[in-house]
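Below are the chains, spelled out letter by letter.
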Amino acid sequence: MSKERNQTSVSELGEFGLIDRLTKDVEIKNESTIEGIGDDAAVLDYKDKQVVVSTDLLTEGIHFNLMYVPLKHLGYKAVVVNISDIYAMNAIPKQITVSIAVSGKFSVEALEDLYAGINLACEKYNVDLVGGDTTSSLTGLVISITAIGEGQKETIVKRAGAKPTDLLCVTGDLGGAYMGLQLLERENEVFKVNPKMQPKLAGYDYILERQLKPEARQDVPAILKKLGIVPTSMIDISDGLSSEIMHLCKNSGVGCSLFEDKVPMDNQTKQMAEEFSINPIVAALNGGEDYELLFTISLDDYEKIKNDPDFTIIGHMTEASEGINLVTNAGSAIPLEAQGWNHD
Ligand code: TPP
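Thresholds applied
- Residues numbered from 1 in each chain as written.
- Predicted model: local features only at pLDDT ≥ 70, side-chain atom pairs only at ≥ 80, totals over all residues.
- Heavy atoms only, no water.
- Helix = DSSP H or I, 4+ residues; strand = E, 2+ residues; numbered from the N terminus.
- Rg over C-alpha atoms; globule rule 2.2 N^0.38 Å.
- Buried < 20%, exposed > 50% of the residue type's maximum accessible area, 1.4 Å probe, protein only.
- Contact = heavy atoms within 4.5 Å.
- Areas by Shrake-Rupley, 256 points an atom, 1.4 Å probe, with all protein chains shown as cover.
- Lys, Arg positive; Asp, Glu negative; His and termini not counted.
- Charge placed at Lys NZ, Arg CZ, Asp CG, Glu CD.
- Pairing = 2+ DSSP bridges.
- Axes fitted to C-alpha atoms, helices over the stretch in contact; angles between N-to-C directions.
- Polar contact = N/O pair within 3.5 Å; in protein donor to acceptor, adjacent residues only side chain to side chain.
- Right-handed = clockwise from strand over helix to strand, strands pointing away.
- Left-handed = near helix turned anticlockwise from the far one by under 90°.
- Nonpolar A, V, L, I, M, F, W, Y, C, P; charged D, E, K, R; others polar.
- Phe/Tyr/Trp six-rings, centres within 6.5 Å; stacked < 30°, edge-to-face > 60°.

> Sorry, what's going on with the overall build of the protein here?
Helix and strand content of the protein: 10 helices and 13 strands. In terms of C-alpha radius of gyration, the protein reaches 21 Å, essentially the compact-globule figure of 20 Å for 344 residues. Seen along its three principal axes, the alpha-carbon backbone of the protein occupies a region of about 65 × 60 × 30 Å. A total of 344 residues make up the protein; the buried ones form 51% of that total. Taking the intrachain contacts of the protein between residues at least 6 apart in sequence as the baseline, contacts between residues at least 24 apart amount to 86%. Summed over its atoms, the accessible surface of the protein is roughly 16,600 Å², and 51% of this surface lies on carbon and sulfur atoms. In the protein, 30 side chains carry a positive charge and 52 a negative one; their mean positions are 3 Å apart.

> Help me out: how do you make sense of the sheet that holds strand β3 (residues 50-59) in this one?
Within a beta sheet, neighbouring strands are joined by backbone hydrogen bonds and run either parallel or antiparallel to one another. Strands sit in the order β3-β6-β4-β5 across an open sheet of 4 strands; the sheet is mixed. Lying at the two open borders of the sheet, with one neighbouring strand each, are β3 and β5 (128-136). The mean inter-strand angle of the sheet, taken between neighbouring strand axes irrespective of direction, is 15°. In this sheet, strand β6 (residues 142-151) lies alongside β3 in antiparallel orientation, the contact comprising 10 bridges. Looking across to β6, one finds that V51 is bridged to E150.

> I tried to follow the sheet that holds strand β13 (residues 333-335) on my own but got confused; where do I start?
Pairing in this open sheet of 7 strands is mixed, and the strands run β8-β10-β7-β11-β9-β12-β13 from one edge to the other. In the strand order of this sheet, the two ends are held by β8 (233-236) and β13, each with one partner. Between one strand axis and the next, the sheet turns through 25° on average, direction left out of account. Where strand β7 (residues 167-171) lies against strand β11 (residues 311-319), 5 bridges are found, and the strand directions are antiparallel. By the bridge assignment for β11, T171 is matched with F311. Docked against the sheet, helix α2 (residues 71-87) engages β8 and β10 (293-297), running at close to 175° with respect to β8. Lying on the sheet, helix α6 (residues 220-227) is in contact with β7, β8, β10 and β11; it crosses β11 at an angle near 75°.

> Sorry if this is basic, but what is going on with the side chain of R210 here?
The topology assignment puts R210 in helix α5 (residues 205-212). Assessed through its relative accessible area of 13%, R210 is described here as buried. For R210, the side chain forms a polar contact with the side chain of E292, separated by 3.0 Å. When near neighbours in sequence (up to four residues on either side) are disregarded, R210 contacts D173, G176, A177, E289, D290 and E292.

> I tried to follow the pairing of β5 on my own but got confused; where do I start?
Along a regular strand, successive side chains alternate from one face of the sheet to the other. For strand β4 (residues 92-102) and β5, the ladder comprises 8 bridges, and the chain directions are parallel. Note that in β5 the partner of V102 across the bridge is S136. Note that the unit made of β4, helix α3 (residues 108-125) and β5 has a crossover that is right-handed.

> Even after reading the chapter, I still don't get the packing of α2 against α3, so can you show me in this structure?
Two numbers describe a pair of packed helices, the interaxial angle and the distance between the axes. Remark: α2 packs on α3, axes separated minimally by 6 Å, with the N-to-C direction vectors making an angle of 40°. Two packed elements cross with a definite hand, and for α2 against α3 that hand is right-handed. In contact with L71, K72, L74, G75, Y76, V79, V80, I83 and Y87 of α2, α3 contributes A110, D113, L114, A116, G117, I118, L120, A121, K124 and Y125. Here the residues of the contact of α2 with α3 sort into 14 nonpolar, 2 polar and 3 charged.

> Sorry if this is basic, but what is going on with the packing of aromatic side chains here?
Within a pair of aromatic rings, the relevant descriptors are the distance that separates the centres and the angle that separates the planes. As enumerated under the stated definition, the model contains 2 aromatic pairs in all. Geometrically, the ring pair formed by Y87 and Y125 is tilted, given 6.3 Å between the ring centres and 50° between the ring planes. Of this pair, Y87 sits in helix α2 while Y125 sits in helix α3, and the two are 38 residues apart along the sequence. For Y125, a relative accessible area of 3% puts it in the buried group. When the centroid spacing of 5.2 Å and the interplanar angle of 85° are considered together, the rings of F295 and F311 count as edge-to-face. Taken together, the residues F295 in strand β10 and F311 in strand β11 connect sequence positions 16 residues apart. For F311, a relative accessible area of 8% gives the class buried.

So, in structure tokens, the structure goes:
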């Protein structure tokens, strides 16, 4: 929370004054936005397009800890995790609505920091903020974002559609966001005991950024289009690789063999996992928040994708009766368990 600026209480501005102030920098960038903030609902003209809508809720103490997450980063990340769901449909996000519930501990200036992050993400991803709601909360901050995107009927990709011989592919690398979170939690515990201790974060910029300022795979729909590939199924990795594989398999009615040695991981992820005595594959399988895309393609598309540096083939789908298995580095196949992150 900024110390330099004068602090205004939310009650001084009132709900509508607050909305005006928080959204004063919003600009409309897309032709399809006929009506933005100000009416009962946004009006979007999509003509021959398919509209895709997704909502996510983030709650203080459950999804984020403001002891080490700056509000500007939180705003940015809240947008990214939502629009990641739109890219996961092979669609392009165009508009978002943002609803917040805030307790009295937040000043207007603190909320402006949150919206500065939201606006920054809207700039980066070319998305319009077109509506939302604000209300009070007794327990801290709650952020709900709805993302709206557009796609073409022929190229929208769902979780169902994978066939038993398809290849399983992933973008980027996995486990980094989880190891970044472990590092921040550890240093936060140290801080609570001794606030004068300097946090030991040096050398871990990548995994910290993966946790604090993740990016959505904006580039993927265009790359797939260029390669002439329409995935047979797709999902984004928010809860961890294992539970996302489960979703694809369940929705498609297939099984899967995932190869441990193929799962891409960054060196910082591996290093931090070693410091925490965690097997790095566990961070990739169960950590979550990587916001990479996991998808299946027809075996016929193998030649198109095999040399593309954006994607890694990590396994293949099987008949459902063969189950969902992890082929370990030692060569044994063990049933994969969906131990993705949950809120308990
Ligand atoms: N606790 C704190 C304080 N910070 C975190 N970043 C996490 C836990 C980890 N975490 C927060 S959201 C999330 C994870 C792993 C991903 C899954 O969130 P969920 O609400 O299940 O998203 P959905 O699958 O509904 O999109």
